[in-house]
Amino acid sequence: MRIVMQPARRSEKVVRKHYEDTIASSVDFQAHAHLLEPGVVDQLKQLFPEGRAQMWGIVPGKKNVNVAQVKKMSPGDWVFFTGDKKAYFGGTIALMWRSPALATKLWDTNDDGQTWEYMYALSGTRGFDIPITEIRELLGWNPKRNIMGITVLGEDDSDTLQNFLTLDPAPAAVLADDPGQDEEAVAAYDGELERKAIRAQRGEQAALKRRLLPGPTGECALCGRILPGTLLIGAHIKKRAMCTDEEKRDLANIAMLACTLGCDSLYEHGYITIAENGTIQASPLAADIPEIDTHIHTRLAGRTVTWWNPKREPYFRWHRTHTFKQAPSA
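Since we're looking at a predicted model, the values are computed, not measured.

1. What to know about the overall build of the protein chain
Looking only at helices and strands, the protein chain has twelve helices and 13 strands in total. For 330 residues, the compact-globule estimate of 2.2 N^0.38 gives 20 Å, and the protein chain sits close to it at 22 Å. In terms of its C-alpha atoms, the protein chain occupies a principal-axis envelope of roughly 70 × 50 × 45 Å. Buried positions account for 45% of the 330 residues belonging to the protein chain. In the protein chain, once contacts between residues fewer than 6 apart in sequence are set aside, the share between residues at least 24 apart is 72%. For the protein chain, the exposed surface amounts to about 17600 Å²; the carbon and sulfur share of it is 50%. When the 40 positive and 42 negative side-chain charges of the protein chain are each reduced to one mean point, those points stand 8 Å apart.

Okay, structure coming up:
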């Protein structure tokens, strides 16, 4: 999965209008089927059976400056929409195609007479509220670096953002037309078959678990069940990789006990979070997965987490703004 940075400042009138027309309000693509190739319509129907999809587009740019970046993009990549000093929206590229006719219909043309003809549909979208300064620091960028045009990040930066911000992939078109293509690629590959993963020893982990679980059993901070220690883990409230050294040493507040019967994964992947008053809040996007939605509303939603307190609130707030699957803002 590559990460694509899509500049889109909603403070600009044109961008705001485009966002409202084709992101905040999804596009009825069947109503525009006459402007699309039949194959594109068929793929959209498979990916979006309800007949609507969120869409965006990219202009070629002066001297086709954006085309090189577009060629690096593929279905399955993740897009971050950025503007006004933050990343505020994102999702998986479900499908890409080129259609000057549909782009002109949806968005007209810019001052240079170009339209946003390199189009893509998005799946699994969610809202964010992450300052660009934080992304710069995370990726080791120059503090003054700005995202001026469509940018496809390299593998290392993409992996960093994906892992640290828990970006779950969503349905996307499969590009390979030849079923033997993957096998041929494997047969022809002569590089390393495995990469050595070196896990840093977490010196504080043992002390953290002892502090949270002094006996053989403990209480899951999220569901409240009393369980054997083997079914409980010391879960960081704020993702550990994003913590400062000082925060990692804040053993009294940085983590909580979470059970492996679902609570840890639901929290880790942002389907639940803890509100400022200590109640468990369910992601509106959980409704897209009935099994998860039922589990959350049966056991978790609305529960008051006694582990919450004002000292731990900054860590819970980080989870709400970085990991929790927010609904896209209007």
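2. Describing the side chain of E117
As for its position among the elements, E117 is in the loop between α4 (100-107) and β6 (118-131). What makes E117 buried here is its relative accessible area of 10%. Here the side chain of E117 touches R98 through a polar contact of 2.6 Å, side chain to side chain. Beyond its immediate stretch of four places on either side in the chain, E117 contacts I58, P60, W97, R98, S99, P100 and A103.

3. Description of unusual backbone geometry
Of note, D108 is a non-glycine position whose phi angle comes to about 65°, a positive value. With phi around 50°, T166 is a residue other than glycine that occupies positive phi space.

4. What about the pattern of salt bridges?
Taken as a whole and judged by the stated rule, the model has eleven salt bridges. Between E12 and R9 there is a salt bridge, with its nearest N and O atoms 3.6 Å apart. Of the charged contacts, one joins R320 and E313 as a salt bridge, the two residues approaching to 2.4 Å between their closest N and O atoms. Residue class for R320 comes out buried when judged on its relative accessible area of 15%. Among the charged side chains, a network of salt bridges with common partners joins R9, E12 and D84.

5. What to know about the domain arrangement of the protein chain
Domain annotation for the protein chain reports domain 1 (3-165) and domain 2 (204-323). The C-alpha-based centres of domain 1 and domain 2 are spaced at 32 Å. Between domain 1 and domain 2, the residue contacts involve ten residues of the former and eight residues of the latter. Between domain 1 and domain 2, a total of about 770 Å² is buried, with carbon and sulfur atoms accounting for 56% of that surface. Considering only the side of domain 1, the residues that lose the most area to domain 2 are R126, E134 and F164, jointly responsible for 52% of the buried surface there. At the junction of domain 1 with domain 2, the criterion picks out zero salt bridges. On the surface where domain 1 and domain 2 come into contact, there are three residue pairs in polar contact (both at pLDDT 80 or more).

6. Some words on the sheet that holds β6
What the seven strands build is an open sheet, ordered β2-β3-β6-β5-β4-β1-β7; its pairing is mixed. Whereas interior strands pair on both sides, the edge strands pair on one side only; in this sheet they are β2 (27-28) and β7 (151-152). Pairing of strand β3 (residues 52-58) with β6 involves five bridges; the strand directions are antiparallel. From the neighbouring strand, W56 faces β6, where its bridge partner is Y120. Along the sheet face, helix α1 (residues 13-24) touches β2, β3, β4 (78-83), β5 (86-98) and β6 and points at about 150° away from the line of β3.

7. Comments concerning the pairing of strand β11 (residues 255-259)
Across the five residues of β11, five count as buried, placing the element largely inside the fold. Covered by surrounding structure in β11 are A255, L257 and C259 together with M256 and A258, the residues of both alternating faces. Two strands pair when backbone bridges link them, and strand β10 (residues 232-236) and β11 are joined in this way by five bridges, in the antiparallel orientation. In the sheet register, A235 faces β11, and the bridge partner there is M256.

Criteria and cut-off values
- Residues numbered from 1 in each chain as written.
- Predicted model: local features only at pLDDT ≥ 70, side-chain atom pairs only at ≥ 80, totals over all residues.
- Heavy atoms only, no water.
- Helix = DSSP H or I, 4+ residues; strand = E, 2+ residues; numbered from the N terminus.
- Rg over C-alpha atoms; globule rule 2.2 N^0.38 Å.
- Buried < 20%, exposed > 50% of the residue type's maximum accessible area, 1.4 Å probe, protein only.
- Contact = heavy atoms within 4.5 Å.
- Areas by Shrake-Rupley, 256 points an atom, 1.4 Å probe, with all protein chains shown as cover.
- Lys, Arg positive; Asp, Glu negative; His and termini not counted.
- Charge placed at Lys NZ, Arg CZ, Asp CG, Glu CD.
- Polar contact = N/O pair within 3.5 Å; in protein donor to acceptor, adjacent residues only side chain to side chain.
- Salt bridge = Lys/Arg side-chain N within 4 Å of Asp/Glu carboxyl O.
- Domains from an automatic or database assignment.
- Buried area = accessible area lost by both parts, 1.4 Å probe.
- Pairing = 2+ DSSP bridges.
- Axes fitted to C-alpha atoms, helices over the stretch in contact; angles between N-to-C directions.

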